[in-house]
Amino acid sequence: MGQTINSAHNFAISCVADLSNKSGHIENVIVKRNEKAVVDARLRPKTSIDAIRWLTFQACSLRGHDESPESINQGNFLEMIKILGCYSKEVKEVLENAPGNAKYTSPPVQKEILNTFARKVQKTIREEIGNSKFCILVDESRDSSKKEQMAIVVRFVDKEGFIRERFLDIVHVKDTAALTLKNSICCVLSDNNLSLQDVRGQGYDGASNMRGEWNGLKALILKECPYAYYVHCMAHQLQLALIAASREVFEVHQFLQDAIFSINVVSVSAKRNDELIDEQAADIARQVDLGELESGRGLNQIGTLQRPTDTRWSSHYKSICSLARMFGATLSVLRRLAIDRSLSVYARGDAKGSLNKLMSYNFIFVLHLMKEIMAITDTLCQALQKESLDILNALDLISSTKELIQKLRDNGWEPLLQKVNSFCQKYEVELPDMNGMYVDLSKSRKRHDNTTVEHHYRFDIFTVAIDQQLQELNSRFSEQSMELLTLAAGLDPRNSKSFDIGEICLLVERFYPADFSNQDRDQLECQLSHYAIDVCNHPDLQISSCLADLTRRLVQTGKFTIYPMVDRLLRLIMTLPVSTATTERAFSAMKLIKTDLRNRMGDGYFRDYMIVYIEKEIAKKFTSDEIIDLYDLLGSRRAKLKLTGK
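From a predicted model like this one, the values you see are computed outputs, not experimental measurements. (Residues numbered from 1 in each chain as written. Predicted model: local features only at pLDDT ≥ 70, side-chain atom pairs only at ≥ 80, totals over all residues. Heavy atoms only, no water.)

A.B. asks: Could you clarify how one ought to interpret the overall build of the protein in this entry?
C.D. replies: Per the secondary structure count, the protein includes 27 helices and five strands. Within the span of the protein, comprising 646 residues, buried residues form 47% of the whole. In the protein, 71% of the contacts between residues at least 6 apart in sequence involve partners at least 24 apart. Of the roughly 33,700 Å² of accessible surface on the protein, a fraction of 51% belongs to carbon and sulfur atoms. (Helix = DSSP H or I, 4+ residues; strand = E, 2+ residues; numbered from the N terminus. Buried < 20%, exposed > 50% of the residue type's maximum accessible area, 1.4 Å probe, protein only. Contact = heavy atoms within 4.5 Å. Areas by Shrake-Rupley, 256 points an atom, 1.4 Å probe, with all protein chains shown as cover.)

So this is what it looks like as structure tokens:
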């Protein structure tokens, strides 16, 4: 029966073999084809997701001016899709063979993918917060399209005990009235499944619509949640303190005005700026040859004079440092401008007036004095803008700054005078007779006293300028001005004068009654003594990280449950805001994203872009498959992105 190929026996054997080969069954073949179709379908949005992620992280625009097939530049997104296809044959074939209704490259799809990223970021932030209490940091600013944007940042302590400040949302508000801002904040919290009752702190700048006692945003939120304590942005307080102090001393105020005027004269045009750079390069080379400057990689870099801005006090310090560093080059440019007959009389007059001011002993003295003072306060200003800083360390930094300024007042006169005299001799500035009589032009000759020049510079300028700084710092950063700050300062067991367990318990009862029951307060009193011993036995332990360090160490020993009440109190205190620097950084990002050329971005698209760009630390952890799955849930798709039943 098996002698011929077409015999019934051989046909039966062939059928048995086909039946045994399960991979050839029609249902399995269909499944394989479906899997191949899904893999190809997912590859198309995956390519789009990777391109959108990269462009968003770099603050680049997605769309182009002309995206037609004939355009030589179809925009960043489409051009990047082409590049990705060039480096992968598989991607290129899938993209070229994609149906017209499932390419996932249209502008609406780009916005949907970006929105998926943003929602995923917000969900992750919500999971990080968990059941913890949190603080809100709010500020508003106008974008390039003249829209008022309100940035909302949440500050909390995560499960590991580290302070986090996360950018939650940015909202376009019609006006900056306190009620409008409050309603917008409530909507954002509600959309992210957060409750206003869990807010334990508010951080704003000093605007009246924010901190108003009766109708300000602070007051409106306190009516809803009486435990959302307001703490004025400490970096902004420092800004106000330094500005107020500088305006109180006439010589300092006049110096700042003269310095700004001179910088504007020298840097008013590109030609003058180029001359300044050339003079600086020649001056650096001359000082290196004389051994006055060290040479090496990264040293003696050529820069320009920096203009100060009122909103950032650190810019004043950078401006003064740049002027002191480029003093010789600035003098050379001003001298050339003062005798340049091709310039107008007014321009030559401005240059000569600036030159006379810079060549005065008074200007150079105040230049070095403010440089010394600002070197101390700028360190504090930079430290207060760190998001990981808690209110305990902030108070400690302010106290240290006061001590350094006081030390400068007590012991800094002679070193400062030597620096000033050496600087004047270097640039041939006439030195005054310190023992001579000082003539005050604001007084008549009959009212002149026996004040010497040294007395004037030491007590009327040096001492008064420093005293004004100390006075403003004491008045604006007084630890006694708010009992809540006293509670924070008293949580350091190493400070035996302020660490009073009974006082801490009383303040907890007053400020956090909703977070500690009577039984909890009794346990807190008992646990504080153990906590104090534990911290004092580790003198290298910093208070800003003591919660995290104690947590990890106690978890390793299996004894973390010893201090649950102390842990809760520390989390509440560390949640209190220190500065609104994170919102300021958000507005810096806004200037990169919404430029004059991109000022027509819609509110939703702009909001999603801001969230993904600022919180790229979170967004970069998401896999493309996670985003595809979430994107698929937003609506029905032309191409299947999932197998049925999976």
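From this point, the discussion proceeds with the structure in view.
A.B. asks: Please explain the sheet that holds strand β2 (residues 148–157) as it appears in this structure.
C.D. replies: Sheet strands associate in pairs through backbone hydrogen bonding, adopting either a parallel or an antiparallel arrangement. In spatial order, the strands read β3-β2-β1-β4-β5; together these five strands make up an open sheet with mixed pairing. Whereas interior strands pair on both sides, the edge strands pair on one side only; in this sheet they are β3 (163–173) and β5 (230–232). Direction aside, the axes of adjacent strands within the sheet are offset by 25° on average. Bridging between strand β1 (residues 134–142) and β2 involves eight bridges; their strand directions are antiparallel. Paired with aspartate 139 across the strands is alanine 151, a residue of β2. Against the sheet, helix α23 (residues 564–575) contacts β1, β2, β3 and β4 (199–204), and its axis sits at roughly 155° relative to β2. (Pairing = 2+ DSSP bridges. Axes fitted to C-alpha atoms, helices over the stretch in contact; angles between N-to-C directions.)

A.B. asks: How do you make sense of the packing of aromatic side chains when you look at a structure like this?
C.D. replies: Two aromatic rings are characterised by how far apart their centres lie and by the angle between their planes. Applying the stated criterion across every chain, the model contains 14 aromatic pairs. Each ring, one from phenylalanine 327 and one from tyrosine 427, has its centre 5.2 Å from the other, and the planes form 65°; the classification is edge-to-face. Of this pair, phenylalanine 327 sits in helix α13 (residues 327–338) while tyrosine 427 sits in the loop between α17 (413–426) and α18 (453–476), placing them 100 residues apart in sequence. Residue classification places phenylalanine 327 among the buried positions, given a relative accessible area of 0%. A relative accessible area of 12% places tyrosine 427 in the buried class. Ring pairs connect the aromatic residues Tyr361, Phe365, Trp413, Tyr457 and Phe462, which therefore count as one cluster. The cationic tip of lysine 111 hangs over the ring face of tyrosine 605; the distance from NZ or CZ to the ring centre is 5.6 Å. (Phe/Tyr/Trp six-rings, centres within 6.5 Å; stacked < 30°, edge-to-face > 60°. Lys NZ or Arg CZ within 6 Å of the ring centre and 35° of its normal.)

A.B. asks: Please clarify how the side chain of glutamate 615 should be interpreted in this entry.
C.D. replies: Among the structural elements, glutamate 615 can be located in the loop between α25 (603–614) and α26 (616–619). We classify glutamate 615 as buried; its relative accessible area is 5%. Every residue in contact with glutamate 615, bar those within four places of it in the chain, is listed here: Val121, Ile125, Glu165, Arg166 and Phe167.

A.B. asks: I'm lost on the environment of glutamine 58 in this one. Help?
C.D. replies: Mapped onto the elements of the fold, glutamine 58 is located in the loop between α2 (26–57) and α3 (76–86). With 555 residues separating them along the chain, glutamine 58 and tyrosine 613 place their C-alpha atoms 7.8 Å apart.

A.B. asks: Before we go on, may I ask you to explain the packing of helix α10 (residues 250–266) against helix α14 (residues 345–358) in this structure?
C.D. replies: Axis angle and axis distance: for two packed helices, these are the angle between their axes and the distance between the axes, and together they describe the pair. Contact geometry for α10 and α14: axes closest at 10 Å, N-to-C directions at 135°. Considered as vectors, α10 and α14 are oriented oblique to each other. Like other packed secondary-structure pairs, α10 and α14 cross with a definite hand, here left-handed. Contacts from Asp258, Phe261, Ser262 and Val265 in α10 reach Asp350, Ala351, Ser354, Lys357 and Leu358 in α14. When its residues are assigned to classes, the contact of α10 with α14 shows four nonpolar, two polar and three charged. (Parallel < 35°, antiparallel > 145°, perpendicular 65-115°, else oblique. Left-handed = near helix turned anticlockwise from the far one by under 90°. Nonpolar A, V, L, I, M, F, W, Y, C, P; charged D, E, K, R; others polar.)

A.B. asks: What's the story with the nonpolar core in this structure? I'm lost.
C.D. replies: Across soluble globular proteins, nonpolar side chains show a tendency to be buried alongside one another. Residues Phe134 and Ile185 are the most contacted members of the largest nonpolar core, which totals 76 residues. For this core, the leading source of residues is helix α5 (residues 107–129), giving eight residues. Ranked by size, the runner-up nonpolar core spans 68 residues in total, among them Ile263, Met326, Leu355 and Leu408. (Core = buried A, V, L, I, M, F, W, Y, C linked by side-chain atoms within 4.5 Å.)

A.B. asks: Teacher, can you tell me more about the environment of glutamate 93 here?
C.D. replies: With respect to the helices and strands, glutamate 93 occurs in helix α4 (residues 89–96). What makes glutamate 93 partly exposed here is its relative accessible area of 41%. Separated by 53 residues in the primary sequence, glutamate 93 and aspartate 40 have C-alpha atoms spaced 9.5 Å apart.

A.B. asks: Please clarify how the packing of α13 against α14 should be interpreted in this entry.
C.D. replies: Where α13 meets α14, the closest approach of the two axes is 8 Å, and the angle between their N-to-C directions is 145°. Of the two possible hands of crossing, α13 and α14 adopt the one that is left-handed. Contact residues: α13 offers Phe327, Thr330, Leu331, Leu334, Arg335, Leu337 and Ala338, while α14 offers Arg348, Ala351, Lys352, Ser354, Leu355 and Leu358. Classifying every residue of the contact of α13 with α14 by side-chain character gives eight nonpolar, two polar and three charged.

A.B. asks: What's the story with the confidence of the model for the protein in this structure? I'm lost.
C.D. replies: Reading fine detail from the predicted coordinates is not recommended where pLDDT is low. A residue-level look at the protein finds 82% of positions with pLDDT of 70 or above and a mean pLDDT of 82. Looking over the protein, one finds the lowest element-wise mean pLDDT in helix α22 (residues 543–557), namely 50, and the highest in α25, namely 95. Contacts for the low-pLDDT stretch residues 542–548, under 50 throughout, to residues beyond four places or in other chains number 23 contacts. (pLDDT = per-residue confidence, 0-100.)

A.B. asks: When you look at the pattern of salt bridges in this model, what are you seeing that I'm missing?
C.D. replies: When charged atoms on two side chains of opposite charge get close, those side chains can pair. By the definition in use, this model includes 26 salt bridges. Three or more residues are tied together by salt bridges with common partners; here these are Glu128, Arg166, Glu615 and Glu617. (Salt bridge = Lys/Arg side-chain N within 4 Å of Asp/Glu carboxyl O.)

A.B. asks: Is there a simple way to explain the pairing of β3 in this structure?
C.D. replies: Side-chain direction in a regular strand flips from residue to residue, so the side chains alternate between the two faces of the sheet. The element β3 is extensively covered by neighbouring structure, given that nine of its 11 residues are classed as buried. Alignment of β2 against β3, held across 10 bridges, turns out to be antiparallel. From the neighbouring strand, glutamine 149 faces β3, where its bridge partner is histidine 172. What sits between β2 and β3 in their antiparallel hairpin is a turn of five residues, with glycine 161 showing a positive phi close to 95°.

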